[in-house]
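Listed here are the chains, written in short residue letters.
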Amino acid sequence: MTADLVVVGAGFFGLTVAERVASELGLEVLVIDRRNHIGGNAYSERDAETGIEVHKYGAHLFHTSNERVWEYVNRFTTFTDYVHKVYGVHNGEVYSLPINLATINQFFRANLTPDEARSLIQEQAGELAGSDPQNLNDKGIQLIGRPLYEAFIKHYTGKQWQTDPKNLPAGIISRLPVRYNYDNRYFNDTYEGLPTDGYTAWIERMADHPNITVQLSTDFFDESQPLNKKDLVGTVPIIYTGPVDRYFDYAEGELSWRTIDFEQEVLETGDFQGTSVVNYNDAETPFTRIIEPRHFHPERGYQTEKTVIMREFSRFAESGDEPYYPINTADDRQKMLAYRDLAKAESSVLFGGRLGTYKYLDMHMAIGSALTMYDNKIKPHFSDGTPLESGGVDA
Ligand code: FAD
Ligand code: UDP
């Protein structure tokens, strides 16, 4: 083992750390991943039959307001001018999402001005006025009133999380803007777009450095191969971006995750739904949404005979499933406190990324948090010997 640093997980978090350490410090980095490709959940590939780029682990839309992250990611890729918009089907009708004046007026069969709509929603949210809701149910009702909440949020959230919205953190719903105008951009961020040559080209450029070695199909917990936890921990600094509970062999219990089953289909039409994402907000439809990836890249001029669609079915992750979304119930948060203490005691290992911190991080947040860990912990360690253990699970 000649590497100065081992990174477990070739997702955005792990590769950002690897790239910084290799490029700026000139050190040797070994990145391992149990999958047979790099990129973590942002990986995408061309569908063989249609030539359309498909995000294998679910649609990935890049957006950020973080200047540093935007400057950093632009070193590896340019971005298209794609602006994400989402539509939702409720009671057999298509509505514009996130909730905006078009949604409100269509739902109430009205022609309200922004001020009138605001008063109407205020009135409907009155039952929770002035409170500080801590769960998704109450937060949702406070934001948009009960009728809109029940139409667009309640059942979709039920399908997506299979958890009573009263037991989900309010933060999940605060991700979505509510607007009293006709702006239906899904994200509020300063910058958004899709990587011009696709996610995989972007990610490959991050890993393309003579000081970075990537070893795929290598599970950190598989003791039959040499790059395993038992043999490595204590011999070399490690950045671990896999699930934090798995690292400690579930000593404090299993954290709950949601996974998604993707049903991918090629259809004999040039356009199935006219847009990239349609949510199905009612309980009767078993899937949460349909993605049609051709619409992510209108500038590519894909063939028009066939299209690809992906239906998403959400469920609790069981052992062997891909852990996608941390559910973060009160019980999970309790367990995380204990895992944080265990992580602090691992003096040569830092935990990062979505799985390693059990946080609902978007790509720009994972990259931003990796840059911060590099600045605050990794660079000082290699530059002047500051112990890594000031680390633990990255905040
Ligand atoms: P990951 O990408 O999960 O990478 C972790 C890596 O660690 C994986 O490659 C995994 O194989 C590897 N690993 C795990 N265990 C081991 C082990 N034992 N040994 C070796 N390797 C291991 N973000 C957005 O900004 N916009 C979006 O639209 C968006 N949509 C999303 C949709 C879905 C369905 C999901 C799941 C996520 C979405 N995200 C989105 C979030 C985005 O995927 C993450 O922010 C990003 O992938 C985080 O990078 P990461 O490196 O922390 O984790
Ligand atoms: N949500 C909803 N209805 C919608 C869209 C979103 O209830 O039509 C809720 C749901 O709980 C979801 C959360 O808002 O988990 C955040 O939505 P987002 O689209 O950001 O979810 P993600 O892209 O992470 O799946």
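If you're wondering where the values come from, they're calculated on a predicted model, not measured in any experiment. (Residues numbered from 1 in each chain as written. Chains lettered and ligands numbered in written order. Predicted model: local features only at pLDDT ≥ 70, side-chain atom pairs only at ≥ 80, totals over all residues. Heavy atoms only, no water.)

**Thoughts on the overall build of the protein**
Let me state the cut-off plainly: Helix and strand labels come from DSSP, where a helix needs a run of H or I of at least four residues and a strand needs a run of E of at least two; each type is numbered from the N terminus. With the radius of gyration taken over C-alpha atoms, the globule rule is written as 2.2 Å times the number of residues to the power 0.38. Remark: exposure states derive from per-residue accessible area (1.4 Å probe, protein chains only) relative to the maximum for the residue type, with buried under 20%, exposed over 50%, and partly exposed in between. Only heavy atoms matter for contacts: two residues are in contact if any of them lie within 4.5 Å across the pair. Note on areas: Shrake-Rupley with a 1.4 Å probe; residue coverage comes only from the protein chains shown. Counting rule for charge: Lys and Arg are taken as positive, Asp and Glu as negative, and neither His nor the chain ends is counted. Where a charge lies is defined by one atom per residue type: Lys uses NZ, Arg uses CZ, Asp uses CG and Glu uses CD.
A count of helical and extended segments in the protein gives twelve helices and 16 strands. The C-alpha radius of gyration of the protein comes to 22 Å, within 12% of the 21 Å expected for a compact globule of 395 residues. Oriented by its inertia axes, the alpha-carbon framework of the protein measures out at about 70 × 50 × 40 Å. Relative to its full complement of 395 residues, the protein shows a buried share of 56%. For the protein, the share of sequence-separated contacts (at least 6 apart) that also reach a separation of at least 24 residues comes to 72%. For the protein, the accessible surface area stands at approximately 17,000 Å², while carbon and sulfur atoms represent 47% of it. Treating the 37 positive side-chain charges of the protein as one cloud and the 58 negative ones as another, the clouds have centres 2 Å apart.

**Digging into the pairing of strand β14 (residues 307–316)**
Counted only if it meets this: Following DSSP output, two strands are said to pair if at least two bridges run between them.
Counting buried positions along β14 yields seven of ten residues, so the element is predominantly enclosed. Relative to β14, strand β11 (residues 257–267) is paired through ten bridges, and the arrangement is antiparallel. By the bridge assignment for β14, Glu265 is matched with Ile309. Relative to β14, strand β13 (residues 289–291) runs antiparallel, the two sharing three bridges. The residue bridging Ile290 from the neighbouring strand is Arg311, located in β14.

**Let's talk about the packing of aromatic side chains**
We apply this condition: Note on aromatic pairs: the rings of Phe, Tyr and Trp (six-membered ring only in Trp) are paired at centre separations within 6.5 Å, and the planes decide the class, stacked below 30 degrees, edge-to-face beyond 60, tilted for the rest.
If you walk through the whole model with that rule in mind, you get 33 aromatic pairs. The interplanar angle of 35° and the centroid separation of 4.9 Å between the aromatic rings of Trp70 and Phe79 together place this pair among those described as tilted. A residue is classified by how much of its surface remains accessible, and Phe79, at 15% relative accessible area, is buried. Measuring from ring centre to ring centre gives 4.8 Å for Tyr247 and Phe248, while their planes differ by 70°; the resulting arrangement is edge-to-face.

**Quick notes on the domain arrangement of the protein**
As a reminder, the rule being used: Domain borders in the structure are assigned automatically or taken from a domain database. Reported buried area values correspond to the accessible surface (1.4 Å probe) lost by two parts on association, with both partners' losses combined.
According to the domain assignment, the protein consists of domain 1 (5–46 + 61–82 + 196–252 + 326–384) and domain 2 (99–172). Taken together, the six residues of domain 1 in the interface contact five residues of domain 2. Taken over both partners, the interface formed by domain 1 and domain 2 buries close to 420 Å², and the fraction arising from carbon and sulfur atoms is 70%. Contact with domain 2 buries surface across domain 1, with Ile327, Thr329 and Tyr360 losing the most and accounting together for 75% of the total.

**As for the site of ligand 2**
Definition in use: Here, proximity means that at least one heavy atom of the residue falls within 4 Å of the molecule or strand. Polar contact criterion, stated in full: a pair of N or O atoms within 3.5 Å, where within protein one must be able to donate a hydrogen and the other to accept it, and residues adjacent in sequence count only if both atoms are side-chain atoms. Just so you know the grouping, Ala, Val, Leu, Ile, Met, Phe, Trp, Tyr, Cys and Pro go in nonpolar, Asp, Glu, Lys and Arg go in charged, and all remaining residues, Gly too, go in polar.
Taken together, 17 residues lie near ligand 2, and Phe152, Thr157, Trp161, Tyr186 and Tyr360 sit nearest. Here an oxygen atom of ligand 2 sits 3.3 Å away from a polar atom, N or O, in the main chain of Ile153. Contact distances for ligand 2 include 2.8 Å between an oxygen atom and a side-chain N or O atom of Thr157. Contact with the protein chains removes 94% of the 520 Å² of surface that ligand 2 exposes when unbound. Of all the secondary structure elements, the ones that give two or more residues to the shell around ligand 2 are α5 (136–161) and α6 (171–174). Sorting elements by how many residues they give to the shell around ligand 2 places α5 first, with six residues. Of the residues belonging to the shell around ligand 2, the class tally is eleven nonpolar, four polar and two charged.

**Focus on the environment of Val54**
Mapped onto the elements of the fold, Val54 is located in strand β4 (residues 53–55). When neighbours within four sequence positions are excluded, Val54 is seen to be in contact with Tyr43, Ser44, Glu45, Asp47, Gln264, Pro293, Val308 and Met310.

**Here we look at the sheet that holds β11**
With mixed pairing, seven strands are arranged side by side in an open sheet as β7-β6-β12-β13-β14-β11-β15. Across the chains shown, the open sheet's two edge strands, defined by having one partner strand only, are β7 (93–97) and β15 (325–326). The pairing of strand β12 (residues 277–280) with β13 spans three bridges and is antiparallel. Bridge pairing links Asn279 to Arg289 in β13.

**Details of the pattern of salt bridges**
Quick note on the threshold: Any Lys or Arg side-chain nitrogen located within 4 Å of an Asp or Glu carboxyl oxygen qualifies as a salt bridge.
The final tally for this structure, using the stated rule, is 21 salt bridges. Salt-bridge contacts for Asp331 lead to Lys335; the nearest nitrogen and oxygen are separated by 3.5 Å. Placement of both Asp331 and Lys335 in helix α10 (residues 330–345) is noted, with a separation of four residues, approximately one turn of the helix. Exposure remark for Asp331: the relative accessible area of 47% places this residue in the partly exposed category. Connected through salt bridges with shared partners, the residues Glu19, Arg20, Glu24 and Lys379 form a single ionic network.

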